[in-house]
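Notes for the structure review
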Amino acid sequence: MGVHAEFVLSAAAPSQFPADELPEVALVGRSNVGKSSLINALVQNRKLARTSNTPGRTQTLNFYRIWPQGKPRLAAAPPAGAGPDRFTLTGGALQAARESGAFYLVDMPGYGFARVSEAQRRQWARLIEGYLLTRGVLRGILQVVDLRHPPSRDDITMREWIRHHRLPSLCVATKADKIGRTAWPRHLKVIARDLGVGGDAEPLILFSAETGAGREDVWRWVTEQLGRGNING
Ligand SMILES: Nc1nc2c(ncn2[C@@H]2O[C@H](COP(=O)(O)OP(=O)(O)O)[C@@H](O)[C@H]2O)c(=O)[nH]1
Ligand SMILES: [Mg+2]
């Protein structure tokens, strides 16, 4: 059976985050960089996460539940009801999820789109920082950047923040298919230099949602993180 992935919920505040305590890996990166496409490519489902050409403004965290070995039949439909509880796995379904290594990929709202107010920016920072620093089940962060361009000021700030807080992270340089292969090493070098990534502690991987390049590497990193402890535990 292949990987099964399902959208679970969008959360605008911590009270709305899933409560079933499966481990989580979060994706950060600027709006339109390719976070949703990376999720779709990773689980090989083009229709799971919505991708778009226009930078989205929704300030929500989107939770996708991933079943690496397929979804067991035990995991029945969630009970009806209101609020985040209705998405929460319980009993036999939760047990099955744990045993089969299910986890969440969390698509974070993109940073660095131009026309937002200072108040919106602060709200964004509170939501993101609150999540990344206090989420007990968080196991790692995928920072997504564009292989074609030098990292933006926001990419650098994000990387420094991740490093400052010693959070385990993988830097993924995506859209590799948009430039020629012979240019890859040169572009990777710029990203490694500007972000200080590429070593063992903060690895750098080339990716393409279009061709699937780097998919196995990202999957392996995520799997390794899931086998480790919680980072805010
Ligand atoms: N050619 C190519 N296009 C990509 C890739 N990743 C994302 N895109 C495109 O870039 C745009 C933004 O992608 P999306 O995943 O929605 O970005 P997000 O805002 O970070 O979630 C969409 O038009 C995608 O089809 C990639 O690896 N290769
Ligand atoms: Mg997206």
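The structure displayed is predicted, hence computed values, not measured ones.

**Focus on unusual backbone geometry**
- For E21, which is not glycine, the phi torsion reads 65° and is therefore positive.
- In this structure, E21 sits in the loop between β1 (4-11) and β2 (24-29).
- Phi is positive for K175, close to 65°, though the residue is something other than glycine.
- When you line up the elements, K175 lands in the loop between β6 (169-174) and α5 (184-195).
- By C-beta crowding, K175 is classed as buried, having 21 other C-beta atoms within 10 Å.

**Some words on the environment of L94**
- In this structure, L94 sits in helix α2 (residues 91-99).
- Separated by 72 residues in the primary sequence, L94 and L22 place their C-alpha atoms 8.7 Å from one another.
- Sequence-distant contacts of L94, defined by excluding residues within four places in its chain, comprise D20 and L89.

**Some details on the site of ligand 1**
- Residues in close proximity to ligand 1 total 19 residues, the closest being G34, K35, S36, S37 and T51.
- In terms of residue count, the dominant contributor to the shell around ligand 1 is helix α1 (residues 35-43) (three residues).
- Looking at the shell around ligand 1 residue by residue, the class counts come to two nonpolar, twelve polar and five charged.

**Digging into the environment of G70**
- Looking at where G70 falls in the secondary structure, it is placed in the loop between β3 (61-67) and α2.
- Residue class for G70 comes out exposed when judged on the 11 C-beta atoms lying within 10 Å of it.
- Separated by 68 residues in the primary sequence, G70 and G2 have C-alpha atoms spaced 5.4 Å apart.

**Some details on the nonpolar core**
- Judged by nonpolar contacts, the single largest core of 53 residues is most densely connected at A26, L27, L38, Y64 and V172.
- Apart from residues lying up to four places away in sequence, V172 is in contact with L38, L142, Q143, V144, I205, F207 and V218.

**Focus: helix α6 (residues 215-226)**
- Along its twelve residues, α6 runs 17 Å from first to last C-alpha, staying within 8% of the 16 Å computed at 1.5 Å per residue.
- Residues of α6 that are buried make contact with β2, α1, β5 (138-146), β6 and β7 (204-206).

**Description of the sheet that holds β5**
- The strand order across the open sheet built from seven strands is β1-β3-β4-β2-β5-β6-β7, with neighbouring strands paired in mixed fashion. The two strands at the open ends of the sheet, each matched to only one other strand, are β1 and β7. Neighbour to neighbour, the strand axes of the sheet diverge by 25° on average, direction disregarded.
- Where β3 lies against strand β4 (residues 103-107), five bridges are found, and the strand directions are antiparallel. When the bridges of β4 are listed, Y64 appears paired with L105.
- Along the sheet face, α6 touches β2, β4, β5, β6 and β7 and points at about 155° away from the line of β5.

**Quick look at the pairing of β3**
- The element β3 is extensively covered by neighbouring structure, given that seven of its seven residues are classed as buried.
- The side-chain alternation of β3 yields two buried faces, one formed by L61, F63, R65 and W67 and the other by N62, Y64 and I66.
- For β1 and β3, the ladder comprises seven bridges, and the chain directions are antiparallel. Bridging across to β3, S10 finds its partner in N62.

What counts and what doesn't
All residue numbers refer to position in the chain's written sequence, counted from 1. Labels follow written order: the first chain is A, the first ligand is 1, and so on. This being a predicted model, a pLDDT of at least 70 is required before a residue's local features are given, and a value of 80 or more before pairs of side-chain atoms are given or counted; all residues contribute to the totals for chains, interfaces and linings. Strands are runs of DSSP state E lasting at least 2 residues, helices are runs of H or I lasting at least 4, and numbering of each runs from the N terminus. Partly exposed residues are those whose C-beta has more than 12 but fewer than 20 other C-beta atoms within 10 Å; with 20 or more the residue is buried, with 12 or fewer it is exposed, and the C-beta atoms are placed from the backbone. By definition, residue pairs are in contact when their C-beta atoms, positioned from the backbone, come within 7 Å. Any residue whose backbone-placed C-beta atom lies within 6 Å of a molecule or strand is treated as near that molecule or strand. Side-chain classes are defined by residue name, with Ala, Val, Leu, Ile, Met, Phe, Trp, Tyr, Cys and Pro counting as nonpolar, Asp, Glu, Lys and Arg as charged, and the others, Gly among them, as polar. What makes a nonpolar core is a set of buried Ala, Val, Leu, Ile, Met, Phe, Trp, Tyr and Cys residues, with links drawn between C-beta atoms within 7 Å. Expected helix span is taken as 1.5 Å per residue step, with the number of steps being one fewer than the number of residues. We call two strands paired when DSSP finds no fewer than two bridges between them. To obtain each axis, a line is fitted to C-alpha atoms, and for helices this fit is confined to the stretch in contact; angles are then taken between N-to-C directions over 0 to 180 degrees.

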